[in-house]
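Coordinate inspection notes
Okay, here's what each chain looks like letter by letter:
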Amino acid sequence: MKYQSKLDLKETEIAIKKTKDFFENHLAETLELTRVSAPIFVRSGKGINDDLAGNERVISFDAPGVENDVMEIVQSLAKWKRMALKRYGFSLGEGLYTDMNAIRRDETLSQLHSLYVDQWDWEKVISRKQRNGQILRTTVEKIFDVMKKTEIFLANLYPTLGTILPEKISFISSQQLEDLYPELSPKEREDKIAERFGAVFISEIGHELRSGQKHDVRSPDYDDWNLNGDLLLWYPPLGRAIEMTSMGIRVDEKSLLEQLKLAGQEQRTQLEYHQALLNKELPYTIGGGIGQSRLCMFLLRKIHIGEVQVSVWDEETIEECRKRNIHLL
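Residues numbered from 1 in each chain as written. Predicted model: local features only at pLDDT ≥ 70, side-chain atom pairs only at ≥ 80, totals over all residues. Heavy atoms only, no water.

1. Thoughts on the overall build of the chain
- Helices and strands together make up the secondary structure of the chain, namely nine helices and 11 strands.
- Here the chain has a C-alpha radius of gyration of 20 Å; the compact-globule value for 329 residues is 20 Å, and the two agree.
- With respect to the three principal axes, the spread of C-alpha positions in the chain is 60 × 55 × 40 Å.
- With 329 residues in all, the chain has 51% of them scored as buried.
- A total accessible area of about 15600 Å² is found for the chain, and carbon and sulfur atoms account for 49% of it.
- Taken together, the 45 basic and 52 acidic charged side chains of the chain have centroids lying 3 Å from each other. (Helix = DSSP H or I, 4+ residues; strand = E, 2+ residues; numbered from the N terminus. Rg over C-alpha atoms; globule rule 2.2 N^0.38 Å. Buried < 20%, exposed > 50% of the residue type's maximum accessible area, 1.4 Å probe, protein only. Areas by Shrake-Rupley, 256 points an atom, 1.4 Å probe, with all protein chains shown as cover. Lys, Arg positive; Asp, Glu negative; His and termini not counted. Charge placed at Lys NZ, Arg CZ, Asp CG, Glu CD.)

Now the structure itself:
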């Protein structure tokens, strides 16, 4: 049986705009965020670009007008945002958000992954005392509430979409999840717990679990591995969990050193960004990135991310989508 989108191509393009506008405006209002401009590329060798899992190759280039410097396409803005909060003079309780557009050349193409990444990257100033699990939980609940409001908004505009999100989001740590399903792989556990609750936040990602494995790999120099996590939604059309955001309270000078040591990356302490952090020149923050295309895919009930963003696909994917009546943008 061929797939049939609930919205045609033109309706989809209109709905994408409505989805992004509604979610963005309500996220900014709920978290008290101000929209700012953001870079597509940064200078190499400053420690500002995000290393993600540590094995992704960045796209770099030189330019005649900027001698002796190599630029890198950003992979996320996790570190840049923290520096921007200081530079722009944001105060306690204030934050920023921006459109983050990136190219991840080593991404394995799938229904959820393309070479192009678009996120709402956001960051907010907190106090040292607010570096705790309750602040993280409250922030997650606020973000999920905006997702629910957006779903209801779209269901009113396009009744065929309906609503599938649960009333509230559940919470579990990566260790609790391993204890619950020790026989499953981390990704299988994510699917299992997401199907059970509909929406779940898996916290404390980065450290080794008691099994000796990690739930997932995290860069050692932006999230505090004890105060971070992933927000997952169960998606019936695909029968799997979709990660909507990876977020957390950012490292302070103590957790930065601890995590760099665990990762064998202590040489990073000499980089400009890390020096600023260790010298307490940057604010304490909480932040994350929310996938724009993934959210649109979920809320518009699509089964391929290429239905809500324009990217480049291999011939096998293009042919498979044609056979299944999936219209790539």
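2. Quick look at helix 2 (residues 78-87)
- With seven of 10 residues buried, helix 2 is to be regarded as a mostly interior element.
- Buried residues of helix 2: Ala 78, Lys 79, Trp 80, Lys 81, Arg 82, Ala 84 and Leu 85, and no others.
- Looking at the buried positions of helix 2, the neighbouring elements they touch are strand 5 (95-103), strand 6 (116-126), strand 10 (240-250), helix 7 (272-278) and strand 11 (284-291).
- A positive backbone phi angle near 80 degrees is found at Gly 89, which sits one or two residues after helix 2. (Contact = heavy atoms within 4.5 Å.)

3. Topic: the pattern of salt bridges
- Overall, the coordinates contain 27 salt bridges when judged by the stated rule.
- The salt bridge partner of Glu 253 is Lys 280, with a shortest N-O separation of 3.8 Å. Of this pair, Glu 253 sits in helix 6 (residues 253-263) while Lys 280 sits in the loop between helix 7 and strand 11, and the two are 27 residues apart along the sequence.
- Among the residues examined, Glu 253 registers a relative accessible area of 13% and is labelled buried.
- Each of Arg 128, Arg 131, Asp 224, Asp 252, Glu 253 and Lys 280 takes part in salt bridges that share partners, so that together they form one network. (Salt bridge = Lys/Arg side-chain N within 4 Å of Asp/Glu carboxyl O.)

4. Examining the packing of helix 1 (residues 9-31) against helix 8 (residues 292-299)
- Direction vectors running N to C along helix 1 and helix 8 enclose 115 degrees, while the axes themselves pass 10 Å from each other. For the pair helix 1 and helix 8, the sense of crossing is right-handed. On the side of helix 1, the interface is formed by Ile 16, Thr 19, Lys 20 and Phe 23, while helix 8 contributes Gln 292, Leu 295, Cys 296 and Leu 299.
- Looking at the contact of helix 1 with helix 8 residue by residue, the class counts come to five nonpolar, two polar and one charged. (Axes fitted to C-alpha atoms, helices over the stretch in contact; angles between N-to-C directions. Left-handed = near helix turned anticlockwise from the far one by under 90°. Nonpolar A, V, L, I, M, F, W, Y, C, P; charged D, E, K, R; others polar.)

5. Some remarks on helix 3 (residues 133-157)
- The end-to-end C-alpha distance of helix 3, which contains 25 residues, comes to 37 Å, matching closely the 36 Å that a straight helix rising 1.5 Å per residue would cover.
- Among all positions in helix 3, only Leu 136, Thr 139, Val 140, Ile 143, Phe 144, Val 146, Met 147, Lys 148, Thr 150, Glu 151, Leu 154 and Ala 155 are buried. (Expected span 1.5 Å × (residues − 1).)

6. Here we look at a negative patch on the surface
- Residues Asp 314, Glu 315, Glu 316 and Glu 320 make up a contiguous surface patch of negative charge.
- With respect to the secondary-structure elements, Glu 320 resides in helix 9 (residues 315-323). (Patch = residues over 30% accessible without salt bridge, like charges linked within 9 Å, V, L, I, M, F, W, Y side chains within 5 Å.)

7. Describing the sheet that holds strand 2 (residues 41-43)
- Sheet architecture is open: three strands sit in the order 2-4-3, paired in antiparallel fashion. Of all strands in the sheet, those with a lone pairing partner are strand 2 and strand 3 (60-63), marking the two edges. Across the sheet, the mean angle from the axis of one strand to that of its neighbour is 35 degrees, orientation sign disregarded.
- In this sheet, strand 4 (residues 66-73) lies alongside strand 3 in antiparallel orientation, the contact comprising three bridges. Each bridged residue has a counterpart across the sheet, and for Phe 61 the counterpart in strand 4 is Met 71. (Pairing = 2+ DSSP bridges.)

8. A short note on the side chain of Arg 189
- With respect to the helices, strands and loops of the structure, Arg 189 is situated in helix 5 (residues 186-197).
- Taking relative accessible area as the criterion, Arg 189 reaches 2% and is therefore assigned buried.
- Of note is the side chain of Arg 189, whose polar atom sits 3.1 Å from the backbone oxygen of Tyr 181.
- Not counting residues up to four positions away in its chain, the partners in contact with Arg 189 are Leu 177, Glu 178, Tyr 181, Pro 182, Leu 184 and Leu 209. (Polar contact = N/O pair within 3.5 Å; in protein donor to acceptor, adjacent residues only side chain to side chain.)

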